[in-house]
Amino acid sequence: MKKNLTLSEEEKKSSDKLKQIIHSEIKLEGPISFSRFMQLALYHPEFGYYQAKSNIFSQDGDYTTSPNISSMFAEVFVNDFEKIFELSGKNILELGAGNGNFCTSILKCFDSRKIDFEHYYIFESSASLIHVAKTQLKKKLSPKDYSKIIWLEELPSCFRGVIFMNEFFDALPVGVYLKKDKKVFEKYVDIKNDHFVWVEKSIEENYQFNNLPIDKLPNDYTFEYSEGYELWVEQIRKTLAQGAIFIIDYGFHEQELFHPDRSSGTMMCYSKHQSHFDPFLNIGQQDISCHVNFSLLKRLMDKNFQIEGFVSQANYLINANILELLNAFDPEDDVVYRKKVSELNILISPAEMGDIIKVLAFSKDINLQLEGFSKNDRSHTL
Ligand SMILES: C[S@@+](CC[C@H](N)C(=O)[O-])C[C@H]1O[C@@H](n2cnc3c(N)ncnc32)[C@H](O)[C@@H]1O
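The rules behind each value
- Residues numbered from 1 in each chain as written.
- Predicted model: local features only at pLDDT ≥ 70, side-chain atom pairs only at ≥ 80, totals over all residues.
- Heavy atoms only, no water.
- Helix = DSSP H or I, 4+ residues; strand = E, 2+ residues; numbered from the N terminus.
- Near = heavy atom within 4 Å.
- Polar contact = N/O pair within 3.5 Å; in protein donor to acceptor, adjacent residues only side chain to side chain.
- Areas by Shrake-Rupley, 256 points an atom, 1.4 Å probe, with all protein chains shown as cover.
- Nonpolar A, V, L, I, M, F, W, Y, C, P; charged D, E, K, R; others polar.
- Phe/Tyr/Trp six-rings, centres within 6.5 Å; stacked < 30°, edge-to-face > 60°.
- Buried < 20%, exposed > 50% of the residue type's maximum accessible area, 1.4 Å probe, protein only.
- Core = buried A, V, L, I, M, F, W, Y, C linked by side-chain atoms within 4.5 Å.

Caption draft 1: Main features of unusual backbone geometry. Despite not being glycine, Cys-158 has its phi angle at roughly 55°, a positive value. One non-glycine residue, Asn-211, lies in positive phi territory at about 60°. Take Asn-211: it is sitting in the loop between β8 (195-202) and β9 (221-225).

Here you go:
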């Protein structure tokens, strides 16, 4: 184990308890799917990662996300959101809002630009992150704006406005599969000598992967598939009456995702700003995520929504004029200006988050021309 991934006493206690819970389930029911393992590792209501840890996105946490790097990330979406507000409803619904930083930056920007909105709805499963988000939103927003935030336990129907998700799909539990000798096996989690181990099981012959190009995969190829995509697309279909949906995540179109070089799959674990490939390490104390299959999302969304664009994060932010936001800062003010340039660099540099993160958007019952997709749209690759 890498030295600085060693857990504190308290973290180890929590991780051991979760390990015991998973052990008991396997002892009772036999090997469990990786999807079930990931559900418990990330979302167990007491010891799962997103419940047990509340400082995930900070310097002394595990990893960071675009809304946590810079308020400029959220501010750039405001012009496109305003257009959608005019044509549908002045509401935002954010799924998986984490510590609420995107909401904070958006609502502060609305306030300074005098942009009117009805409600900001948040659907977040982690009680400890909801607590963090509520505390910071209360501190940073006016009482009037704070009162317009609605915390949801289920998605509404007849929603009009913007549905926004940053790094939501990459956190959904996935099954892990192996294509070997023209057959597909599912990788389950078992216990051997008190340790978690992988075991392979054949899958039902007619198991559907929603048209993944499995025939084209090379031999000995591991890939992930989440049934959650279809479930969430169906939820969104039931929710959105009119407006637009933004999906922002690490990932690729299918041809790139299933490149022969990616034969071990895309699963990554994050802890203390380091990444590795072992989901059985420090269970409940590290993040586990997989790259998003944007082609699959498009296939599922196509049935009910109109695609608006698919670009890299860098392209969306540059098309929507993120560089102009720098004009608000004085280049003579060395400390602040340099900090902003450095944040911008992390968001748009291809070596950082600029290229690997994509922005995919859809609309329903409105005619849109969004700034963020005005150049370099790669929808045709999906
Ligand atoms: C990778 S984090 C991203 C957080 C935030 N959007 C950001 O960009 O900083 C994923 C978030 O989705 C939430 N989440 C995952 N599954 C969820 C579900 N089924 N319902 C609601 N929230 C969920 C997690 O608790 C977590 O806050």
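There is more to say, and it comes next.
Caption draft 2: Local environment of the site of the ligand. Around the ligand, the structure places 19 residues, and the nearest of them are Tyr-63, Thr-65, Gly-96, Glu-124 and Asn-166. Within the contact set of the ligand, an oxygen atom lies 2.6 Å away from a side-chain nitrogen or oxygen of Thr-65. In this structure, Ser-125 approaches the ligand through a main-chain N or O atom, which is 3.1 Å from a nitrogen atom. About the coverage of the ligand: the protein hides 94% of its 590 Å² of free accessible area. Within the shell around the ligand, the residues separate by chemical class into 10 nonpolar, 7 polar and 2 charged.

Caption draft 3: Here's a closer look at the packing of aromatic side chains. Within this structure, the stated rule accounts for 39 aromatic pairs. With a centroid separation of 5.9 Å and 80° between ring planes, the pair formed by Tyr-121 and Phe-159 is classed as edge-to-face. Here Phe-159 lies in strand β5 (residues 159-166) and Tyr-121 lies in strand β3 (residues 119-123), a separation of 38 residues in the sequence. Classification of Tyr-121 by relative accessible area gives buried; the value is 17%. Judged by its relative accessible area of 4%, Phe-159 is buried. Where Tyr-221 meets Phe-258, the ring centres are 6.5 Å apart and the plane angle is 70°; that geometry is what we call edge-to-face. With Tyr-221 in strand β9 and Phe-258 in the loop between α10 (254-257) and β11 (268-271), this pair connects stretches of sequence that are 37 residues apart. An identical accessibility class is assigned to Tyr-221 and Phe-258; each is buried.

Caption draft 4: How the structure looks around the nonpolar core. Residues Phe-77, Ile-106, Tyr-120, Phe-246 and Tyr-316 are the most contacted members of the largest nonpolar core, which totals 50 residues. The biggest single contributor to this core is helix α5 (residues 71-87), with 9 residues. Counting 42 residues, the second-largest nonpolar core is a separate cluster that includes Tyr-121, Phe-209, Ile-247 and Val-292.

Worth remembering: the numbers are spatial, not functional.
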